[in-house]
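# Architecture and fold: a report
Here is how the chains run, residue by residue.
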Amino acid sequence: PSIGSHAPNERKGTGPFSLRTKRHGGAMVTAKRVLAAGSRGITSSSAGAKVASLRAAAARARRTGFPLPPGTAVPVLARGIPKGHQQQRVAARALAEGTAAEDMKRKAGSSSGAASGSASSPQGSPKLRKVAPARDDKNDFLSIVVLGASGDLAKRKVIPALFALYYQGMLPENFVVMGYARSELSDQAFRDSLEARLTCRIEDKENCVGKMDAFLSKCFYCQGGYDSESGFDRLNTKLCDHETTYLDQMQQGGGSGDSSVGNSINANRIFYMSIPPSVFLPAAECTSKKASGTKGWTRVIVEKPFGRDAETSAALNAGLAKHLTEEQVYRIDHYLGKELVENLIVLRFANLVFEPLWNRQYVENVQIIFSENFGTEGRGGYFDNYGIIRDIMQNHLLQVLALFAMEPPVSLDAEDIRNEKVKVLRSMRTLDLEDVVVGQYTGRTTGESGTMVTYPGYLDDETVPEGSIVPTFAAAALFIDNPRWEGVPFLMKAGKALDKRHAEIRVQFKSIPGSLYKDKDGSLGNNELVIRIQPEEAITLKISNKIPGLGMNLNNTKLNLQYKDDYSDFQFPDAYERLILDAVNGDKRLFIRSDELEAAWDIFTPALHQIDAGELPPELYPYGSRGP
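Attention in this report is confined to the structure presented alongside it. (Residues numbered from 1 in each chain as written. Predicted model: local features only at pLDDT ≥ 70, side-chain atom pairs only at ≥ 80, totals over all residues. Heavy atoms only, no water.)

## Focus: helix H7 (residues 187–195)
For an α-helix, the turn length of 3.6 residues means that residues three or four places apart are oriented alike. Stated precisely, the cut-off is as follows: Only protein chains enter the accessibility calculation, which uses a 1.4 Å probe; a residue is then buried when its area is under 20% of its type maximum, exposed when over 50%, and partly exposed in between. Counting from the N terminus, the helices are DSSP H or I runs at least four residues long and the strands are E runs at least two residues long. Arc definition: it is the arc formed by the directions from the helix axis to the C-beta atoms. Here a residue-residue contact requires only that any non-hydrogen atoms of the pair lie within 4.5 Å.
Inspection of H7 places Phe190, Arg191 and Leu194 among the buried residues, and these make up the whole buried set. What you see down the axis of H7 is that its buried residues fit within an arc of 100°, all on one side. On its buried face, H7 is in contact with helix H6 (152–167), strand S2 (174–181), helix H9 (211–216) and strand S3 (219–223).

## Quick notes on the side chain of Arg299
Put simply, the rule reads: A positive count includes Lys and Arg, and a negative count includes Asp and Glu. His and the chain ends are not counted in either. Salt bridges are counted wherever a side-chain nitrogen of Lys or Arg sits within 4 Å of a carboxyl oxygen of Asp or Glu.
For Arg299, the position within the fold is in strand S5 (residues 298–303). Buried charge without a partner: Arg299 forms no salt bridge, and the closest opposite charge is Glu327, 6.5 Å away. Not counting residues up to four positions away in its chain, the partners in contact with Arg299 are Arg269, Ile270, Phe271, Gln328, Tyr330, Ala583, Val584, Asn585 and Gly586.

## Describing the pattern of salt bridges
In total, this model carries 25 salt bridges according to the counting rule given. Lys289 is paired through a salt bridge with Glu229; the nearest N and O atoms lie 3.6 Å apart. Residue Lys289 is found in helix H11 (residues 280–291), and its partner Glu229 is found in helix H10 (residues 229–251); the two are separated by 60 residues along the sequence. In this structure Glu229 comes out as partly exposed when scored by relative accessible area, which is 33%. Note that Glu415 is salt-bridged to Arg593, the shortest N-O span being 2.6 Å. Of this pair, Glu415 sits in helix H16 (residues 414–426) while Arg593 sits in the loop between strand S17 (591–592) and helix H19 (594–612); the two residues are 178 residues apart in sequence, bridging distant segments of the chain. The exposure class assigned to Arg593 is buried, which follows from its relative accessible area of 11%. Here the salt bridges do not stand alone but share partners, grouping Glu339, Glu342, Arg578, Asp587 and Arg589 into one network.

## Things to note about the nonpolar core
Rules: Take the buried Ala, Val, Leu, Ile, Met, Phe, Trp, Tyr and Cys residues and link them wherever side-chain atoms come within 4.5 Å; each set so joined is a nonpolar core.
By size, the foremost hydrophobic cluster in this structure holds 145 residues, and its most contacted members are Phe215, Leu235, Leu401, Phe404, Phe490 and Ile505. For this core, the element with the most residues is helix H15 (residues 387–405), which contributes 12 residues. Leaving out residues up to four positions away in the same chain, Phe490 has contacts with Val366, Leu401, Phe404, Ala405, Ala476, Ala477, Leu478, Ile480 and Trp485.

## What to know about unusual backbone geometry
Between Lys304 and Pro305 the backbone carries a cis peptide bond, its omega angle lying at 10°. Tracing the sequence through the fold places Pro305 in the loop between S5 and helix H12 (310–323). Look at Ala497: it is not a glycine, yet its phi comes out positive at around 55°. With respect to the secondary-structure elements, Ala497 resides in the loop between strand S12 (490–495) and strand S13 (502–509). Using a relative accessible area of 0% as the deciding quantity, one classes Ala497 as buried. Of note in this structure, Glu536 is not a glycine but carries a positive phi near 50°. Mapping Glu536 onto the fold places it in the loop between strand S14 (528–534) and strand S15 (538–546). Look at Glu536 and you get partly exposed, because its relative accessible area is 46%.

## Some words on the sheet that holds strand S1 (residues 141–147)
Here is the rule we go by: Strand pairing is assigned whenever DSSP identifies at least 2 bridges connecting the two strands. Between the N-to-C directions of two axes lies an angle of 0 to 180 degrees, each axis being a line fitted to C-alpha atoms and, for a helix, fitted only over the stretch in contact.
Read across the open sheet, the 7 strands follow the order S3-S2-S1-S4-S5-S6-S17; overall the sheet is mixed. Both edges of this open sheet fall to S3 and S17, since each of them pairs with a single strand only. By the bridge criterion, 7 bridges tie S1 to strand S4 (residues 267–273) in an arrangement that is parallel. When the bridges of S4 are listed, Phe141 appears paired with Ala267. The sheet strands contacting H11 are S1, S4 and S5, and the helix crosses S4 at an angle near 165°.

## Side note on the packing of aromatic side chains
Pairs of aromatic rings are described using the distance from one ring centre to the other and the angle between the two planes. In plain terms, the rule: In summary, the pairing rule links any two rings of Phe, Tyr or Trp, Trp by its six-membered ring, whose centres are within 6.5 Å, and it sorts them by plane angle into stacked for under 30 degrees, edge-to-face for over 60 and tilted for everything else.
Throughout the structure, instances matching the rule amount to 24 aromatic pairs. Considering the side-chain rings of Phe404 and Trp485, the 5.9 Å spacing of their centres and the 35° angle between planes classify their relative orientation as tilted. Placement of Phe404 in helix H15 and of Trp485 in the loop between strand S11 (473–478) and S12 is noted, with a sequence separation of 81 residues between them. Among the residues examined, Trp485 registers a relative accessible area of 0% and is labelled buried. The interplanar angle of 90° and the centroid separation of 5.6 Å between the aromatic rings of Tyr441 and Tyr623 together place this pair among those described as edge-to-face. In this pair, Tyr441 is assigned in strand S8 (residues 436–442) and Tyr623 in the segment after strand S18 (619–622), connecting sequence segments 182 residues apart.

## Quick word on the sheet that holds strand S7 (residues 363–371)
Strand pairs in the sheet, formed through backbone hydrogen bonds, run parallel or antiparallel to each other. Overall, mixed pairing links the 9 strands, which are arranged S16-S15-S14-S13-S7-S12-S11-S8-S18 in an open sheet. Bordering the open sheet on either side are strand S16 (554–562) and S18, each of which pairs with just one other strand. Direction aside, neighbouring strands of the sheet carry axes that sit 20° apart on average. With 8 bridges connecting them, S7 and S13 associate as antiparallel partners. Within the sheet, the bridge partner assigned to Ser371 lies in S13 and is His502. Across the sheet, helix H13 (residues 339–349) touches S13, S14 and S15, and the angle it forms with S14 is around 145°.

Below, the structure written as structure tokens:
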């Protein structure tokens, strides 16, 4: 917004939100107006801290006489204003961008634009620069490149998630999906291979009618190796062709007669690495050298596994850092996109009843459980390279633990949340082998409905090396040495070929000291909060209650939130839909930062090396049991 005049206290550099104008011009004076407007319109209790942080930012700028550094101005100013106050957020972002540009001009000695802007006030104050409004990105073009497009993950999860986002209207209007893999395929053959995998959720049938063909018409294919610069050159040529066609159309006014529209349009690119870890670095290098966007941002989504231990993970991060900035890298863990995992923060910080109990004074232990009722089923060769601890516990379950145990973040900004997760991980003890049990499932034959059924053991899988000692089950006790959680065991359990498929968090609370009903509730057990992540999402709280009648008899009962009943009218998006949409929007809350990954590997690496060396042989358990 342009400001034509300002009050005397602004000109003199006084007042709670004032900023000096002598050093950094009218753009920073606008900060006072933006922040003041934002603070007047913010009434929620959580906004107090945000307004306070804005005041601190303004005070720092006033004290130093310089604007905030360009790298911090946007997040500090825009983040401080809640999403409901969109006008103030846009103004703050425009302010930060305008200030950075002004500072660069001043350093370059350019004064050509210094006199532009609004007129001086009658008091003779400095002229104020007009701040350009935040750019409208609705006309931007987006290329989504799926590396490994002919593979199982891409066809089963990634591209169906893109289709679901498309028919829900969540993707930009102007986009293409470009598959890239080593297989020789034409565009039409690629579309044919996708068509059978694209389905609509039952509740979206009406919205989805006719959109499959439209989506497939936006899908294209390029053949090439993941370490081939010539292949990525061809990929870049195809992407440029689509971008140029669109930009030329918009340059001519896009049918509206306004040719200025095309001058402000970006052509952005997302690369989804649905490829083996062995080619992450060559693909990242080729992407950076040959296929990065030149008129817009480039983002790269990297699938797990992120290494096998602390050393290989550090090497992977260092390799990525040679070709991509940390801001460009989105390390995806699909478990963080699950509805109940994302709800953890809401459950804790939006409900007064839980947060006071979320500590060692009331919590006896926390169990984080992952169970699958099937084995490797032909994928044993891949699984044998990692095992259950690397495949499930070090990433999925540890991420859940970090969200569960972290301190309240300063805000819901991605960096604030990830900062708190890193603090938790760095406070955790290195896993001791004495606190670990590992197992491996064996074959089992049962008679079901009069028919004998044989379930193969892990070593019966032809893709598994003979005599493998890789665990398919693990249970571990982890500890967080901080004031909130010291002494509370966090019990992780994960396994394949168990008796049921489910994932949940169980919070077991301590016994009531001096209980009035100790003669009656001895067999009832303690209160327990259960957060069922999958399947049949639910949140239940186990309590003791009086049985109706004349006597004083107690039993266990549950306060039960069943998502399928209470939210039957709402959609449950796939985790990949949520995370891909966040990547498109540049929201990194649910993605893993490099220092977070480093801290996670430091917890598990010593124990993993001991297990790999055979110091803890797996105990055997039959297929379909509860484990060893």
